[in-house]
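Per-entry structural report
Okay, here's what each chain looks like letter by letter:
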Amino acid sequence: MAHNEMDPEVAVELAGIRESIDNIDAALIHMLAERFKFTQKVGKLKASNDLPPSDPAREARQVARLRALAEEANLDPTFAEKWFRFVVEEVIHHHEQARG
Ligand SMILES: C=C(O[C@@H]1C=C(C(=O)O)C=C[C@H]1O)C(=O)O
């Protein structure tokens with residue numbers, strides 16, 4: 001079999017696994033969309049009460065919690081923290097915009 005050809009049984013197995021990956025990716029997009037809906041509400045609340053966009057103490061608690069959850073789930077805690085900080089950076093950007 002040529003290097004770039006796939007055994008039909010392998011192709012079927014791969015397609016089945018990829019269906020689950022596609023479902024998980026779709027769920028992640030929906031969960032992120034919901035998370036941003038709630039963080040936008042926090043942004044409005046902060047803007048109308050003259051509170052700062054970021055809350056480093058809350059972030060530190062969340063980082064500790066998520067790192068522990070990642071360890072329990074056999075997910076790299078450094079990756080979990082990177083993901084969280086990436087999302088929070090976008091949230092804070094939204095909160096700054098909400099302040100006008
Ligand atoms: C959403 C908030 O605003 C910011 C974003 C956070 C987040 O996305 O988890 C956490 C803390 C804040 O820096 C909040 O204060 O709860």
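What comes next is a walk through the structure. (Residues numbered from 1 in each chain as written. Predicted model: local features only at pLDDT ≥ 70, side-chain atom pairs only at ≥ 80, totals over all residues.)

1. A few points about the site of the ligand
To be explicit about the condition: The C-beta atom of each residue is placed using the backbone, and any residue whose C-beta lies within 6 Å of a molecule or strand is treated as near it. To qualify as a helix, a DSSP run of H or I must reach at least 4 residues; to qualify as a strand, a run of E must reach at least 2; elements of each kind are numbered from the N terminus. Under the grouping applied here, Gly and all other residues not named as nonpolar or charged are polar, the nonpolar ones being Ala, Val, Leu, Ile, Met, Phe, Trp, Tyr, Cys and Pro and the charged ones Asp, Glu, Lys and Arg.
Neighbouring residues of the ligand: Thr39, Val42, Ser54, Asp55, Arg58, Glu59, Gln62, Val88, Val91 and Ile92. Mapped by element, the contributors of at least two residues to the shell around the ligand are α1 (8–48), α2 (56–72) and α3 (77–99). Each residue belonging to the shell around the ligand can be placed in one class, and the counts come to 4 nonpolar, 3 polar and 3 charged.

2. Here we look at unusual backbone geometry
As a reminder of what qualifies: Each residue is classed by its C-beta neighbour count within 10 Å, where at least 20 other C-beta atoms makes it buried, 12 or fewer makes it exposed, and intermediate counts make it partly exposed; the C-beta atoms are placed from backbone geometry.
Phi is positive for Asp50, which is not a glycine, with a value near 55 degrees. Relative to the assigned elements, Asp50 resides in the loop between α1 and α2. Residue Asp50 is classed as exposed on the basis of its 7 C-beta neighbours within 10 Å. In this structure, Asn74 is a non-glycine residue whose phi angle is positive, near 60 degrees. With respect to the helices, strands and loops of the structure, Asn74 is situated in the loop between α2 and α3.

3. Focus: the packing of α2 against α3
Here is the rule: Working convention: axes come from line fits to C-alpha atoms, limited for helices to the stretch in contact. Angles between N-to-C directions cover 0 to 180 degrees. In this scheme the crossing of two helices becomes right-handed for a clockwise turn of the near helix relative to the far one and left-handed for an anticlockwise turn of less than a right angle. The contact rule is simple: place each C-beta atom from the backbone, and if two of them lie within 7 Å, those residues are in contact.
The contact between α2 and α3 brings their axes to 8 Å, and the two run at 145 degrees. Where α2 crosses over α3, the two elements pack in a sense that is right-handed. Touching Glu59, Gln62, Val63, Leu66, Arg67, Ala70 and Glu71 of α2 are Pro77, Ala80, Glu81, Phe84 and Val88, all from α3.

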